[in-house]
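Residue-level structural notes
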Amino acid sequence: MSQTPRFTRARQLTASVLPGRRADGYPGAVSARMQKLAAARSTGMLPFSGRCDGAIYFRDGKVVYAASGRTPGPATLAEAALAGLSPLGQLTARLAVAEPSVDAALELLSSESRCAKFRADRLPHSDLAPSIGVDDLLAEVARRQRFLKQLSAVLTSDTAVARNPHIRSEAVRVSALQWALLIRVRHGSTPRDLAWELTRSVFGTTAEVYRLLALRLLYVAGHPARARGPLPGDAPDQDLPVMSFVRAVSPQKGDQMPLTVIGTALGAVD
Amino acid sequence: MIVDQAEALLDPVTHIEGFMLGCLIDASTGMVLASRNEQESISVPTAAAGAADIANVLTLLAGALPADGLEDVMVTFRSQLYLIRLVTQDAEPPILLLVILDRMRANLAMARHEIRNFCASMSA
């Protein structure tokens, strides 16, 4: 007779069939399925449903497009339109097409959505599409998940933020994007709302909103203690955990990853 | 790589004396857009993440100090030089170029000059 409690056993069984329930190791199973599709050089669509609807499209085993109901879609761009652009213009145009697919894949692989039967030969009509290796995509998604985990104690893509009421516009030095975010923030806006409004990646917008929190130009709604106005010469908010791309890189075996808080080295952890 | 056909853009950078690694990074997300690596011992994702973190910290600092937009950063290690440069001031998203050079073979002034020319040619 099984030693597993009946309730736990029931949860394990339903998790594998009910949408919205995550089976143990489910994200790993999706990754393995995508790697199989890559190895078989498959062409078609892998649909997802549940908390986040969407699909990942493959051509010859490479990801050419991904869409999710919770992230803005890619810019439509024709290959011919790239001809007159500078090398940097071409790079940013290709990035504008690839980034939304990575953003959608992050959402699909991080939410409790379930993938359904692969539908061969179903592809979106798109003139300019990225061609992303599955391993590259999975590595990037994993890096982004680790990065978002660092921020999650303070901010997620769905955390409501508000603008610091004490901002004096002449004292604010921000990038054009940060300014575009600042002027769109209403009380209760989330990074995801702002991403949709600006048709930008949800991941990139969340990172940018975190930078604005560090600059004390925004604060997490419901935490007015953080809303003290920035004064000339103020250092960034030292109470916020520092966001680090280095810590989000997958550690190799035996590597020591530095653990630091702004201005204070805490040492290293395995 | 996530972005197609981007690696060829880095060809001119590989001709800099002492070249070890070059990569283009989306500074807002930390994603590597293209890389050329002639040194197996250097991890491209780690080097790129470090460059993005440095640029991020200095941008935060520039928001709090009367410093104008970040242009470039040079980091000197005993055996390597790290040069990080914003390809242009106004690109959206901001794109960083990271070049790692062998300090014994590189000429810092020449390398910086060549990197500046490369970045200018990217926008032309």
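Cut-offs used in this document
- Residues numbered from 1 in each chain as written.
- Chains lettered and ligands numbered in written order.
- Predicted model: local features only at pLDDT ≥ 70, side-chain atom pairs only at ≥ 80, totals over all residues.
- Heavy atoms only, no water.
- Helix = DSSP H or I, 4+ residues; strand = E, 2+ residues; numbered from the N terminus.
- Rg over C-alpha atoms; globule rule 2.2 N^0.38 Å.
- Contact = heavy atoms within 4.5 Å.
- Lys, Arg positive; Asp, Glu negative; His and termini not counted.
- Charge placed at Lys NZ, Arg CZ, Asp CG, Glu CD.
- Pairing = 2+ DSSP bridges.
- Axes fitted to C-alpha atoms, helices over the stretch in contact; angles between N-to-C directions.
- Salt bridge = Lys/Arg side-chain N within 4 Å of Asp/Glu carboxyl O.
- Buried < 20%, exposed > 50% of the residue type's maximum accessible area, 1.4 Å probe, protein only.
- Phe/Tyr/Trp six-rings, centres within 6.5 Å; stacked < 30°, edge-to-face > 60°.
- Polar contact = N/O pair within 3.5 Å; in protein donor to acceptor, adjacent residues only side chain to side chain.
- Nonpolar A, V, L, I, M, F, W, Y, C, P; charged D, E, K, R; others polar.

Across its full length, chain B holds 3 helices and 5 strands. Reading chain B from its N end, one meets helices and strands in the order α-β-β-α-β-β-β-α. The C-alpha radius of gyration computed for chain B amounts to 14 Å, which stays within 12% of the reference 14 Å derived for 124 residues, consistent with globular compactness. Taken along its principal axes, the extent of the C-alpha atoms in chain B is 35 × 35 × 30 Å. For chain B, long-range pairs separated by at least 24 residues make up 52% of all intrachain contacts whose partners lie at least 6 apart in sequence. Placing the 7 positive and 15 negative side-chain charges of chain B at their respective mean positions leaves the two points 11 Å apart.

Let's shift gears to the sheet that holds strand β2 (residues 31-37) of chain B. Residues and elements named next belong to chain B. Read from one edge to the other, the open sheet built from 5 strands follows the order β2-β1-β5-β4-β3, with strand pairing classed as antiparallel. Here the strands that pair on one side only, and so sit at the sheet edges, are β2 and β3 (72-76). Strand-to-strand twist in this sheet, taken as the mean axis angle between neighbours without regard to direction, amounts to 15 degrees. For strand β1 (residues 19-26) and strand β5 (residues 95-102), the ladder comprises 7 bridges, and the chain directions are antiparallel. Residue pairing across strands places Leu21 opposite Ile100, the latter belonging to β5. Against the sheet, helix α3 (residues 108-123) contacts β1, β3, β4 (80-86) and β5, and its axis sits at roughly 30 degrees relative to β4.

With that out of the way, let us pick up the pattern of salt bridges. Residue and element names in this part refer to chain A. Enumeration over the complete set of coordinates arrives at 15 salt bridges over all chains. Across the salt bridge formed by Asp158 and Arg70, the nearest N and O atoms sit 3.3 Å from each other. One end of the pair, Asp158, is in the loop between α4 (134-151) and β6 (161-163); the other, Arg70, is in the loop between β3 (62-68) and α3 (87-110), and 88 residues separate them in sequence. The class for Asp158 is partly exposed, based on a relative accessible area of 41%. As a salt-bridge pair, Glu208 and Arg211 come within 3.1 Å of each other at their nearest N and O atoms. Residue Glu208 and its partner Arg211 are located together in helix α7 (residues 202-214), separated by 3 residues, close to a single helical turn.

Looking now at the environment of Val30 of chain A. Residues and elements named next belong to chain A. Structurally, the position occupied by Val30 is in helix α2 (residues 26-39). Residues Val30 and Ala221, spaced 191 residues apart in sequence, show a C-alpha to C-alpha distance of 35 Å. Residues in contact with Val30, not counting those within four places in the same chain, are Phe48, Leu109 and Cys115.

It is worth spelling out the packing of aromatic side chains at this point. Following the criterion strictly, the structure yields 5 aromatic pairs over all chains and no others. Joined through ring pairs, the aromatic side chains of Phe147, Phe203 and Phe245 of chain A make up one cluster.

Moving on, we get to the environment of Thr159 of chain A. Residue and element names in this part refer to chain A. You can see Thr159 is positioned in the loop between α4 and β6. The exposure class assigned to Thr159 is buried, which follows from its relative accessible area of 16%. Taking the C-alpha atoms as reference points, Thr159 and Phe203, 44 residues apart in sequence, are found 13 Å from one another. Once residues within four sequence positions are removed from consideration, Thr159 is found in contact with Val154, Ser189, Thr190, Pro191 and Val220. A distance of 2.8 Å separates a polar atom in the side chain of Thr159 from the backbone nitrogen of Thr156.

Listed by partner, the interface residues are 39 residues for chain B and 37 residues for chain A. In this assembly, chain B and chain A are joined by 1 salt bridge. With a closest N to O distance of 3.4 Å, Glu92 of chain B and Arg200 of chain A form a salt bridge. Taken together, chain B and chain A are joined by 10 residue pairs in polar contact (both at pLDDT 80 or more). Looking at the side of chain B that touches chain A, the elements with two or more residues in it are β1, β2, α2 (44-64) and α3 of chain B. In terms of residues, the side of chain B that touches chain A owes the most to one element, α2 of chain B, which gives 11 residues. Grouping the constituent residues of the side of chain B that touches chain A by class yields 24 nonpolar, 11 polar and 4 charged.

Such coordinate-based values are descriptive only and should not be taken to indicate function.
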